[in-house]
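Take a look at the letters that make up each chain.
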Amino acid sequence: MDEMVNNSIRREFNKAQEILLVCHLRPDGDAIGSLIGLGLALETAGKTIGLVSVDGVPSTYKFLKGMEKIKQTAIENYDLIVAIDCSDRQRIGLKEYLDRPIINIDHHATNNRYGTINCVNPKAAATAEIIAENISDWGLSYNKDIAAALLTGIITDTIGFRTSNVTSRTLNLAADLMSFGADISDIYRRALVSRSFEAVRYWGAGLNKLHKQDSLVWTSLTLEDQKKTGYSGKDDADLINVLSSIEGVMISIIFIEQPEGGVKVSWRSQPEYDVSKIAMEFGGGGHAAAAGAMFDKNLKEVQEIVIRETQKLLVNKQHS
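Okay, so let's go over this structure.

1. Remarks on the sheet that holds strand 10 (residues 263–269)
- With respect to topology, six strands assemble into an open sheet ordered 7-8-9-10-12-11, the strand pairing being mixed. The sheet terminates laterally at strand 7 (211–213) and strand 11 (285–286), the two strands that pair on one side only.
- With seven bridges connecting them, strand 9 (residues 251–257) and strand 10 associate as antiparallel partners. Bridge pairing in strand 10 places Ile251 opposite Ser269.

2. A short note on the pattern of salt bridges
- In total, this model carries twelve salt bridges according to the counting rule given.
- Between Lys234 and Glu260 there is a salt bridge, with its nearest N and O atoms 3.6 Å apart. One end of the pair, Lys234, is in the loop between helix 8 (223–229) and helix 9 (239–243); the other, Glu260, is in the loop between strand 9 and strand 10, and 26 residues separate them in sequence.
- Between Glu309 and Lys312 there is a salt bridge; the shortest N-O distance is 3.1 Å. With Glu309 and Lys312 both in helix 11 (residues 299–318) and three residues apart, the pair spans about one turn of that helix.
- The class for Glu309 is buried, based on a relative accessible area of 18%.

3. Section: the sheet that holds strand 2 (residues 48–52)
- Across the sheet, six strands lie side by side as 3-2-1-4-5-6; this open sheet has parallel pairing. In this open sheet, the two edge strands, each paired with only one partner strand, are strand 3 (70–71) and strand 6 (117–120).
- One ladder, built from four bridges, connects strand 5 (residues 102–106) with strand 6; its direction is parallel. The residue of strand 6 that forms the bridge with Asn104 is Asn118.
- Contacting strand 1 (18–23), strand 2, strand 3, strand 4 (80–84) and strand 5, helix 2 (residues 29–44) runs over the sheet at an angle of about 170° to strand 1.
- Contacting strand 4, strand 5 and strand 6, helix 3 (residues 127–134) runs over the sheet at an angle of about 110° to strand 5.

4. With respect to helix 6 (residues 184–193)
- Listed in full, the buried residues belonging to helix 6 are Ile187, Ala191 and Leu192. Angular distribution of buried residues about the axis of helix 6 spans 85°; they occupy a single face of the element. Summarising the geometry of helix 6, the exposed residues directed more than 90 degrees from the buried face are Ser185 and Val193.
- Lining the buried residues of helix 6 we find helix 4 (144–157).

5. Considering unusual backbone geometry
- A positive phi angle is found at Arg26, which is not glycine, with a value near 45°.
- One can find Arg26 in the loop between strand 1 and helix 2.
- Residue Arg26 is classed as buried on the basis of its relative accessible area of 14%.
- Even without glycine at this site, Ala237 takes up a positive phi of about 55°.
- Note on placement: Ala237 falls in the loop between helix 8 and helix 9.
- On the basis of relative accessible area, Ala237 is assigned to the buried category, the value being 6%.

Rules used throughout
- Residues numbered from 1 in each chain as written.
- Predicted model: local features only at pLDDT ≥ 70, side-chain atom pairs only at ≥ 80, totals over all residues.
- Heavy atoms only, no water.
- Pairing = 2+ DSSP bridges.
- Helix = DSSP H or I, 4+ residues; strand = E, 2+ residues; numbered from the N terminus.
- Salt bridge = Lys/Arg side-chain N within 4 Å of Asp/Glu carboxyl O.
- Buried < 20%, exposed > 50% of the residue type's maximum accessible area, 1.4 Å probe, protein only.
- Contact = heavy atoms within 4.5 Å.
- Axes fitted to C-alpha atoms, helices over the stretch in contact; angles between N-to-C directions.
- Arc of directions from axis to C-beta.

If you want it as structure tokens, here you go:
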């Protein structure tokens, strides 16, 4: 990371006493792990912290020490705001804070550098990797709980070190976190392997509606599916990772109806297909091989639009 950026972040951390950290809407393991990891590091350094995830904490990550500190609203005044794993201001969810100075820490290629200070590295495998790599340069230190949270972020965003952006640096940082007491086998099991009965039933609802056309597969998860299976999350319970493992599939998509209205779309692709470009066309973002967007239209309309545009990407790539 740029030395000037690190020096600026360290200066702001030293100067501030009350620091608000907030992650993106519908948080994943990287968002939650990074939020807790950096938050606990700042608290250990004597800072008063507020940790906010507007959509709460997915049950998968409630094993992490420090998750009990996460609230869904910010009720205090803060000297400094840190946005974690958020590619743009709108994904923060706290509209009352959007006009404040913000330290933006993220690894999404689609990040629009909205912060007063931007610590953005698209080459990093996870935002947690950025924090782990630079935490000492920011004047902070590790303990077991901090290390476990950051390792959770790295493991989940790389699907267990399986994504194409994993480097030797990623693995070395994971080893460093293990040396501080993070239990990699326990984290792997809890974050990637274990699923609730309701989540698996939810998978069944999606798999029952699975469609395939050439090298594209897609399915949908409706509010009725949530109700019937008892699944309480707003996400797909990581079903997208199951779809992306299907042999011969280049791109997989899941359409998820949201309780507050609208449809969330998640794409996964093989490395040669950049689905973030499609997501950005619809106001979303993410990575080349993993992206998402929100739509205000109904499920049928969204499916027609998204499948059409995704098929264009497949066809154009085949003819390029």
